[in-house]
Amino acid sequence: MSAPRRLVSAVAALGLFACQQPAKAPVAPTPKVAAVDAARLTAASGDVANWLTHGRTYDEQRYSPLAQVTTDNVKDLSLAWYVDLDTDRGQEATPLVIDGVMYSTSAWSKVQAVDAATGKELWQYDPHVPGETGVRACCDVVNRGVAAWNGRIYVGTLDGRLVALDAATGKEVWSVVTVDQSKRYTITGAPRIIKGKVLIGNGGAEFGVRGYISAYDADTGKMVWRFYTVPGDPSKPFESPVLKQAAATWAGEWWKQGGGGTVWDSVAYDPELDLLYVGTGNGSPWNQRVRSANTGDNLFLSSIVALRPDTGEYVWHYQETPGDQWDYTATQHIVLANLMIDGQLRKVLMQAPKSGFFYVLDRTNGKLISAEPYAMLNWAKGVDLATGRPNIDPNAYYSKTGKPWLALPGPYGAHNWQPMSFSQQTGLVYIPALDTGFAYIDNPKFTPQSLGFNLGLDMASASMPQDPVVKAQVLASIHGYLKAWDPVAKKEVWHVSHEGAWNGGVLSTAGGLVFQGDATGTFAAYGARDGKPLWSYSAQTGVIAAPMSYAVAGIQYVAIVVGWGGTYPLSGGELAKKGSLGVNRSRILAFKLGGAAQLPAPKLDNAAVPEAPPRFGDEATLAEGKGQYSHFCGTCHGDAVVGGGVVPDLRNALAIRKADSFASIVLGGSLKDQGMVGFSDVLTPAQAEAIRAYVVGRANDPR
């Protein structure tokens, strides 16, 4: 495709929905609890005390106008209260605060309501997501937050439900299944509510699903419309004319493997233009040779798509990575702002996607304004402003060349899901950026499996080299940053370096501050204009979520949900251990000037590393074990059997000592309630034993 084109079409409201518990009574007048309506959400920028939607405002700027905490007094910021969470996986939520009540989520899609001034728990809702759902999630059993509307709180659950709760009690009002639960869909993103419609997408593009975003009536749970992001089976009627046109950019039998393009996180809305902006994800599988015969742009993968929120009607799109085969998603945080560019005030949309280019688009029509590298990259030599297309290095097409491609960035991206922030005070965007490379290697023997990541890559060959010199070089190339980016001047203004690559989202405030947590467990405040470190606090756990700020009774609070996890600690192996505290202590922390609360001293894990069982297996068995482990196990238990501090490190597991114990877990699913399902459908007993041989061998290797 050339630069984004306006395709005149309308999306039909199609699809079935399953309503497990429909609302029976008419909607009551707006209650006092969570009294949020369209007028209040539209005017959220002026509601300085509250945080009413995921990014505080529809434009997702994550900028708080509160200025009680400033560069001068932030040194006096201290803990006001904390709440221990009862899940010990990655915590990615941004809480809402509405009239003195905080609504947040934790892993496994649980929802909490607490007094925002004291931290007293008011209620908790557990959707009872089956443990075996964990194997469907590419990137931990996380949840990024809730939405509020007319006395109700809305949450998407990992197993694909959208649930409405009574904001006063936490009781379930209605629940709908938004996905085909026979497929490997998940929901980790926060819903958004626009004009009484709850918007929710899903994830699963590594597992053979077809992406879409749906709108549900907030009162009843009835589906209003659905927009598919990739075309389906062309032998059947297309859901809309635009998908027929998109199908011309695909080849082969892509629909049999889903296609991907999931809308798993980023959503923004402009009430004046009445445009909804969604970011779409990677293809399924990653490898375009397998997905689309190495042909076509594969719309609408890795794109920003503008829709009408009332109907789901397509308006325009901009594709950032045509024919994506590197997992360069466009699902990263979308921010809307009005900027003076070349003497003209422009309504812009800004994004720092995985690809490493910072995009500024005209949000009225999708026209590209600028695209400059904000991080290290080598896959493209720039973006053509006339066509909107990246100038991709021919060597990057590993599926065409058949040769490995050592890419910057890799699939973790130059910026992942962690939200960035735009300061209205400085005009700068603050990006949690990272440098992580990856070796993309085509797997000519790839066939899709019902379990494991379906990427089309040789993941065993891409595993961390065990030569000490090479390993040291790889680890030295891994970096994390907080970067201040000027979207008008198109350049970096300052950056702060972090020890590890996987760090938290960002908040900026009118007090001249930028807040961010990091992998070492440090929650810090920096000067928004110069990046000068001004304050820090030990959270006792790695921080990946984004902070937020609110006020109760005239007192400003800064709050953050903490707890180490996510895709990088699960799958990164030794990369994830670099610069990381490597432990999960899940909590909500709230700070104010002169706070008097203290965290308890952390309990130290003094358990000795158990002696490894004797090695076994010949070279062929170990090679088989490494290959099967890399495909089926490494995404949760770490590259090269090195745990990142979220799930148990298999090198220390007692089960690896006995073949029958190992087989009962890996094949029999004896731990399925904890997320470890049985793999007997895709692994033979001999293959499971080969995996055990490889794991035992790694347990004996130097650490």
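Residues numbered from 1 in each chain as written. Predicted model: local features only at pLDDT ≥ 70, side-chain atom pairs only at ≥ 80, totals over all residues. Heavy atoms only, no water.

**Considering the confidence of the model for the protein**
No. 1: With 95% of its residues at a pLDDT of at least 70, the protein reaches an overall mean of 93.
No. 2: Element-level pLDDT for the protein is lowest in strand 1 (residues 18-19), with a mean of 34, against a maximum mean of 99 in strand 35 (residues 513-517).
No. 3: The low-confidence segment residues 1-30 (pLDDT under 50) makes 75 contacts with residues lying over four places distant or belonging to another chain. (pLDDT = per-residue confidence, 0-100. Helix = DSSP H or I, 4+ residues; strand = E, 2+ residues; numbered from the N terminus. Contact = heavy atoms within 4.5 Å.)

**Focus on the sheet that holds strand 13 (residues 197-200)**
Two strands in a sheet stick together by hydrogen bonds in their backbones, pointing the same way (parallel) or opposite ways (antiparallel).
No. 1: Spatially, 4 strands are ordered 12-13-14-15 in an open sheet, and the strand pairing comes out antiparallel. This sheet does not close on itself; its edge strands, each paired only once, are strand 12 (192-194) and strand 15 (223-228). Direction aside, neighbouring strands of the sheet carry axes that sit 25 degrees apart on average.
No. 2: As paired strands, strand 14 (residues 212-217) and strand 15 are joined by 5 bridges and run antiparallel to one another. Its bridge partner lying in strand 15, Tyr-216 is registered against Met-223. (Pairing = 2+ DSSP bridges. Axes fitted to C-alpha atoms, helices over the stretch in contact; angles between N-to-C directions.)

**Concerning the sheet that holds strand 18 (residues 275-279)**
No. 1: Spatial ordering of the open sheet is given by 17-18-20-21, a layout of 4 strands whose pairing is antiparallel. Looking at which strands have only one partner, the edges of the open sheet turn out to be strand 17 (267-270) and strand 21 (314-319). Put simply, the sheet's adjacent strands are angled 20 degrees from each other on average, direction ignored.
No. 2: For strand 18 and strand 20 (residues 303-307), the ladder comprises 4 bridges, and the chain directions are antiparallel. Residue pairing in the sheet places Gly-279 in a bridge with Ile-304 of strand 20.

**Notes on the pairing of strand 13**
No. 1: Residues Lys-197 and Leu-199 point to one face of strand 13 and Val-198 and Ile-200 to the other, with burial holding for every one of them.
No. 2: By the bridge criterion, 3 bridges tie strand 12 to strand 13 in an arrangement that is antiparallel. Directly across from Ile-193, in strand 13, lies its bridge partner Val-198.
No. 3: A loop of 2 residues connects strand 12 with strand 13, the two strands running antiparallel in sequence, and Lys-195 in this loop sits at a positive phi of about 50 degrees. (Buried < 20%, exposed > 50% of the residue type's maximum accessible area, 1.4 Å probe, protein only.)

**A closer look at empty space enclosed by the protein**
No. 1: Within this structure, the stated rule accounts for 6 cavities of 30 Å³ or more.
No. 2: Space inside the largest cavity adds up to approximately 90 Å³.
No. 3: Lining the largest cavity are 15 residues, with Gly-189, Ile-200, Gly-201, Val-263 and Trp-264 positioned closest to its centre.
No. 4: Among the residues making up the lining of the largest cavity, the classes are represented as 8 nonpolar, 6 polar and 1 charged.
No. 5: Approximately 60 Å³ is the volume found for the second largest cavity.
No. 6: His-54, Glu-60, Arg-62, Arg-192, Asp-265, Ser-266, Val-267, His-333 and Pro-419 are the residues that line the second largest cavity.
No. 7: Classifying every residue of the lining of the second largest cavity by side-chain character gives 2 nonpolar, 3 polar and 4 charged. (1 Å grid on protein atoms, 1.4 Å probe; cavity = no way out; pocket = protein on both sides within 12 Å on 5 of 7 lines; lining within 4 Å. Points joined across faces, edges and corners; volume = space filled by probe spheres on them. Nonpolar A, V, L, I, M, F, W, Y, C, P; charged D, E, K, R; others polar.)

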